[in-house]
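Chain by chain, the residues run as shown.
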Amino acid sequence: MKSIKRDSVSIEQAVRNVSQDVAEEVRAEVSTFLKRAKPPKANLKQSELSALRRLSRNKDITILPADKGNATVILKTEDYRRKILDLLDDAAYRKLSRDPTESITKRTVELIKKSNIPTEISRNLRPQAPAPPRMYGLPKIHKTGIPLRPIVSAIGSPTYNLAKYLTGVLAPHVGNCSHHVKNSADFINTLRGIHLNPSDIMISLDVVSLFTRVPLQETLSLLEKKFDADTVKLFHHALTSTYFTFDNSYYEQKDGVAMGSPLSPAIANFFMEEFEEHALQSAPYRPKHFYRYVDDTFVIWPHGVDTLKPFLDHMNSRHPSIQFTMESEEEGKLPFLDILIQRKEDGSLSHKVYRKPTHTDLYLNAKSHHHPAQRSAVLSSLLHRAKVISDQQSLPAELGHLKKTFRENGFSPREISMALKRAFGEKRERREEERKPLANAFLPYISTVSGKISRILRNHNIRTVHLPPKKLRQVLVRAKDPAGLKLPGVYSIPCECGEEYIGETGRTIETRIKEHKRHLRLYQPSKSAVAEHAIDCDHAIRWEETKMLHHSKGYWDRLTKEKGIINGL
């Protein structure tokens with residue numbers, strides 16, 4: 001019933017943007033309906049729920065999504081930790097003696113203030129309640145030894161907003177060369193213009209650990225040729241403030257860019273475009289075709305097998321940090337991105353969807369407790385990919401594979417048929433909405449409730465956005481270190497008497513707790529309800545048992561959640 005009660009809290013956030021009369025009418029109608037609403041039937045048995053709880057509490061194992069293939073991997077926690085520490089032994093990382101979040105935050109704010117960024121933009125770039133980035137690893141189950149791909153979760157870090165802004169600044173200067181590949185659909189269009197001679201060889205080049213190997217100083221020198229000094233300072237700060245936490249320790253990435261920062265792909269592309277231009281110009285033999293997507297490159301080589309090794313050696317000699325591995329076509333086939341390319345007798349190239357051998361074909365199950373539109377989107381996205389990537393010869397086989405996959409994921413023949421009609425039938429003209437909605441209500445999807453509430457809100461011109469519930473992965477996977485109280489949100493502080501203070505803060509909860517403690521220490525009851533209670537009642541506050549109840553940076557979201565928790569919702 002908790003999820004149903006949360007609807008009323010979410011609706012409060014929506015109706016604050018409408019007139020008081022409409023708000024009261026919506027509250028009354030929703031309240032009347034929720035009083036008789038029933039929770040949905042559970043789609044998991046009690047024994048399954050108990051098993052999930054046991055798994056989530058088992059600290060001896062770490063459950064992770066695989067790097068690719070929609071697989072789930074269970075590792076011994078000690079093995080996972082050892083693999084991460086082995087990664088951190090690399091010369092690219094350096095252990096720090098303390099948390100640098102505060103100093104990096106101050107520097108970020110100073111640079112933004114001094115920059116020529118317009119005030120209305122710079123205001124949103126300044127970090128609010130920043131948290132340290134957290135590192136975790138995704139198992140590469142398709143590789144020997146199952147190494148981990150290091151990922152740094154940078155959302156909410158001191159430089160995250162600045163990095164997003166700089167990505168937009170850099171965008172016009174990236175992707176303009178003839179070698180650039182935007183995405184799979186763009187590459188398919190490129191393939192249609194390629195004709196192979198019998199002696200041509202298809203190969204692919206892969207840069208080893210590109211993100212952590214991008215040479216920053218050289219990249220910054222290239223940026224100086226494109227941007228003014230103030231902008232380069234911002235790039236320098238965003239690129240050299242690459243730190244993260246793992247297992248309560250802090251590390252700095254000395255060179256390269258972090259996989260997880262929004263700026264990293266753009267910077268990697270920016271450097272590689274300059275690198276490959278010089279590398280190809282100086283090569284004793286040049287490729288017939290050369291197309292790159294970030295760290296993967298597709299090459300047509302017309303100079304015979306004997307010159308492949310010298311070409312690879314040449315590419316690897318251009319910079320000590322940029323090293324390539326090479327794969328050649330086998331039986332006329334070569335995978336690139338999610339495309340399997342095959343040569344045809346007439347010299348043209350066929351193409352179809354490629355899946356690694358470890359791919360599981362597991363997707364959102366049709367019986368999952370998600371809004372029907374979200375379930376159907378799984379089918380639509382996969383059918384769209386089939387339509388874009390597969391040529392006419394391979395499309396029937398790909399559709400056959402997808403139909404089988406959809407059935408195995410619980411979708412009915414009718415649902416599959418409808419999805420096929422949407423993907424391959426005549427396109428219908430989209431009707432423009434008659435009225436712009438007064439507000440949006442972001443509600444957790446509940447099958448027995450959401451439809452009726454959506455209609456009530458629609459009658460008052462409020463649009464409903466259905467939020468998906470937690471997936472098993474969100475319940476079981478705990479790859480990242482917990483952020484604890486280093487986040488903004490709603491929190492509780494217990495007292496020895498059994499009472500509990502519920503509060504909210506837009507800064508980190510950790511910072512707000514320090515303020516409560518200071519007000520108590522300085523005997524300032526008027527500045528803190530916690531201090532007032534402790535002083536008036538002579539009670540001991542259990543600071544160590546402070547909990548975060550809800551994480552949010554949004555003021556109104558925190559306010560309504562705080563109100564809902566206080567009222568037992």
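Our subject is the structure that appears above.
The following paragraphs examine the structure supplied in this document. Note that the structure is predicted; figures quoted are calculated from it, not measured.

## Topic: the overall build of the chain
- Secondary structure summary: the chain contains 21 helices and 19 strands in total.
- Taken along its principal axes, the extent of the C-alpha atoms in the chain is 85 × 60 × 50 Å.
- For the chain, the proportion of its 569 residues judged to be buried stands at 44%.
- If you sum the accessible surface of the chain, you get close to 31400 Å²; carbon and sulfur atoms cover 49% of it.
- Between the centroid of the 90 positive side chains of the chain and the centroid of its 67 negative side chains there is a distance of 5 Å.

## Some remarks on the nonpolar core
- Membership of the largest hydrophobic core comes to 47 residues, with the highest contact counts inside it found for Leu 170, Leu 210, Leu 223, Phe 235, Ile 267 and Phe 324.
- Take this core: its biggest share by element is nine residues, from helix α12 (residues 264–281).
- If we skip the residues at most four places from it in the chain, Leu 170 touches Leu 223, Phe 227, Phe 235, Ala 266, Ile 267 and Phe 270.

## Some thoughts on the sheet that holds strand β6 (residues 201–207)
- Spatially, the four strands line up as an open sheet ordered β9-β10-β6-β11, and their pairing is antiparallel. Strands at the two margins of the open sheet, each flanked by one partner only, are β9 (289–293) and β11 (324–328). Pairs of neighbouring strands in the sheet enclose a mean axial angle of 20°, with direction left out of account.
- The sheet contact formed by β6 and strand β10 (residues 296–301) spans six bridges and is antiparallel. Note on β10: the bridge partner recorded for Ile 201 is Trp 301.
- Against the sheet, α12 engages β6, β9 and β11, with an angle of about 160° to β9.
- Against the sheet, helix α13 (residues 308–317) engages β6, β9, β10 and β11, with an angle of about 155° to β11.

## Overview of the environment of Lys 471
- In this fold, Lys 471 is placed in the loop between β16 (462–467) and α18 (472–476).
- Sequence-wise, Lys 471 and Leu 364 are 107 residues apart; in three dimensions their C-alpha atoms are separated by 9.1 Å.

## As for the sheet that holds strand β12 (residues 333–336)
- Within the open sheet, the three strands sit side by side as β12-β13-β14. Their pairing is antiparallel. Edge positions in the sheet fall to β12 and β14 (349–353), since each has one partner strand and no second. Sheet twist, expressed as the mean angle between neighbouring strand axes with direction ignored, is 25°.
- Here β12 pairs with strand β13 (residues 339–343) via four bridges, running antiparallel. In the sheet register, Lys 333 faces β13, and the bridge partner there is Gln 342.
- Lying on the sheet, helix α8 (residues 184–191) is in contact with β12, β13 and β14; it crosses β13 at an angle near 10°.

## Focus: the packing of aromatic side chains
- Per the stated rule, a full pass over the model turns up twelve aromatic pairs.
- Taken together, the ring pairs connect Phe 187, Tyr 291, Phe 298 and Phe 336 into an aromatic cluster.
- The side chain of Lys 387 reaches across the aromatic face of Phe 424, ending 5.5 Å from its centre.

## Considering unusual backbone geometry
- In this structure, Asn 248 takes a positive phi of about 65° despite not being glycine.
- Considering the arrangement of structural elements, one finds Asn 248 in the loop between β7 (243–246) and β8 (249–253).
- Backbone geometry at Leu 337 places phi at a positive 55°, although glycine is not the residue there.

## A look at a positive patch on the surface
- There is a patch of like positive charges on the surface, built from Arg 36, Lys 452, Arg 455 and Arg 458.
- Of the residues forming the positive patch, the biggest block, three residues, is contributed by helix α17 (residues 450–459).
- Following the sequence through the fold, Arg 455 ends up in helix α17.

## Some thoughts on the side chain of Ser 153
- Mapped onto the fold, Ser 153 is located in strand β5 (residues 148–153).
- Here Ser 153 is in contact with Pro 133, Arg 134, Tyr 136 and Lys 480, once residues within four sequence places are set aside.

## As for α12
- Helix length check: α12, at 18 residues, gives a terminal C-alpha distance of 26 Å against a target of 26 Å (1.5 Å per residue), a fit within 8%.
- Burial within α12 is extensive, with 13 of its 18 residues counted as buried.

## Some remarks on the packing of helix α14 (residues 372–389) against helix α15 (residues 395–408)
- Axis separation between α14 and α15 bottoms out at 10 Å; the angle between their running directions is 165°. Compared by their axis directions, α14 and α15 come out roughly antiparallel. When the axes of α14 and α15 are compared, the crossing they make is right-handed. For the pair formed by α14 and α15, the contact residues are Leu 379, Leu 382, Leu 383, Ala 386 and Lys 387 on the first element and Leu 395, Glu 398, Leu 399, Leu 402 and Phe 406 on the second.
- For the contact of α14 with α15, the per-class residue count stands at eight nonpolar, no polar and two charged.

Reading the values: rules and limits
Residues numbered from 1 in each chain as written. Predicted model: local features only at pLDDT ≥ 70, side-chain atom pairs only at ≥ 80, totals over all residues. Heavy atoms only, no water. Helix = DSSP H or I, 4+ residues; strand = E, 2+ residues; numbered from the N terminus. Buried < 20%, exposed > 50% of the residue type's maximum accessible area, 1.4 Å probe, protein only. Areas by Shrake-Rupley, 256 points an atom, 1.4 Å probe, with all protein chains shown as cover. Lys, Arg positive; Asp, Glu negative; His and termini not counted. Charge placed at Lys NZ, Arg CZ, Asp CG, Glu CD. Core = buried A, V, L, I, M, F, W, Y, C linked by side-chain atoms within 4.5 Å. Contact = heavy atoms within 4.5 Å. Pairing = 2+ DSSP bridges. Axes fitted to C-alpha atoms, helices over the stretch in contact; angles between N-to-C directions. Phe/Tyr/Trp six-rings, centres within 6.5 Å; stacked < 30°, edge-to-face > 60°. Lys NZ or Arg CZ within 6 Å of the ring centre and 35° of its normal. Patch = residues over 30% accessible without salt bridge, like charges linked within 9 Å, V, L, I, M, F, W, Y side chains within 5 Å. Salt bridge = Lys/Arg side-chain N within 4 Å of Asp/Glu carboxyl O. Expected span 1.5 Å × (residues − 1). Parallel < 35°, antiparallel > 145°, perpendicular 65-115°, else oblique. Left-handed = near helix turned anticlockwise from the far one by under 90°. Nonpolar A, V, L, I, M, F, W, Y, C, P; charged D, E, K, R; others polar.

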